[in-house]
Amino acid sequence: RSTTLKASSVKQVEFLNKSGIAYRKVYEYNADLSADRVGVKLVFDNAEKNKMGMPLPMGNVRLSAEVGPSTEFVRTIPIDHTPKDEKVTLFAGYAFELAAERRVTRAVRDQLGRIRKQSFELKLRNHKDQDVEIAVVERLGRGNGSVESDHPFEKIDAYQFRFVAAVPKNGEKILTWTVEYTW
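Residues numbered from 1 in each chain as written. Predicted model: local features only at pLDDT ≥ 70, side-chain atom pairs only at ≥ 80, totals over all residues. Heavy atoms only, no water.

> How should the packing of aromatic side chains be read in this particular structure?
Geometry of an aromatic ring pair is reported as the spacing of the ring centres plus the angle between the planes. Per the counting criterion, the structure on display carries seven aromatic pairs. An angle of 80° between the planes, with centres 5.5 Å apart, marks the rings of phenylalanine 161 and phenylalanine 163 as edge-to-face. With a centroid separation of 5.2 Å and 50° between ring planes, the pair formed by phenylalanine 163 and tryptophan 177 is classed as tilted. With a gap of 14 residues between them, phenylalanine 163 in strand β10 (residues 160-167) and tryptophan 177 in strand β11 (residues 171-182) connect regions that are remote in the sequence. Comparing phenylalanine 163 with tryptophan 177, the two get one shared label, buried. What links up through ring pairs into an aromatic cluster is the set Phe120, Phe153, Phe161, Phe163 and Trp177. Between arginine 37 and the ring centre of tyrosine 94, over which it is positioned, the NZ or CZ distance is 3.8 Å. (Phe/Tyr/Trp six-rings, centres within 6.5 Å; stacked < 30°, edge-to-face > 60°. Helix = DSSP H or I, 4+ residues; strand = E, 2+ residues; numbered from the N terminus. Buried < 20%, exposed > 50% of the residue type's maximum accessible area, 1.4 Å probe, protein only. Lys NZ or Arg CZ within 6 Å of the ring centre and 35° of its normal.)

See below:
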């Protein structure tokens, strides 16, 4: 598509218009972003097999949804430069049928101030008519914390770990964990 720009002018140009791209909807709770809301991310592969497969420049993605016979604009989501054959993650907002409630249930420090233990409880509530999985990303305040939980988790890096919780439809899941810091 060609366009002409006058000197020192700015013009918005549609780069590509694609529909039918396969994506996954990921629900994620991150207390650093919101204390009581669960985020929604749309994840897809920027690959030819998914009707994409080209470098994407930094800009805005206009997200639309088919509602009956028409297409409705949902929102604009900024993206960074993305090479072809890489995963693209779009933050679509917050789920209004999912809720979270996180609290510190215990905080203890030893006499010398070299060991600190904190225990947490996170209630995830699902008001949808279907079961959902919610990824919970937690940040360690210091990189040297050890985590104990009866729910399986994975360490993302030195500063973060992740739970994946199955929350039943119209139900609740409670996660508990303890972090011990030493220095």
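Still to come is the rest of the account.
> Can you help me understand the sheet that holds strand β2 (residues 37-45) in this one?
Strands belonging to one sheet form pairs held by backbone hydrogen bonds; the direction of such a pair is parallel or antiparallel. A sheet is described by the order of its strands in space; here nine strands give the open sequence β8-β11-β6-β5-β2-β1-β7-β10-β9, paired in mixed fashion. Looking at which strands have only one partner, the edges of the open sheet turn out to be β8 (145-149) and β9 (153-157). Across this sheet, the average inter-strand angle for adjacent strands is 35°, counted without regard to direction. As paired elements, β8 and β11 share five bridges and run antiparallel to each other. Counterpart to serine 149 in the pairing with β11 is tryptophan 177. (Pairing = 2+ DSSP bridges. Axes fitted to C-alpha atoms, helices over the stretch in contact; angles between N-to-C directions.)

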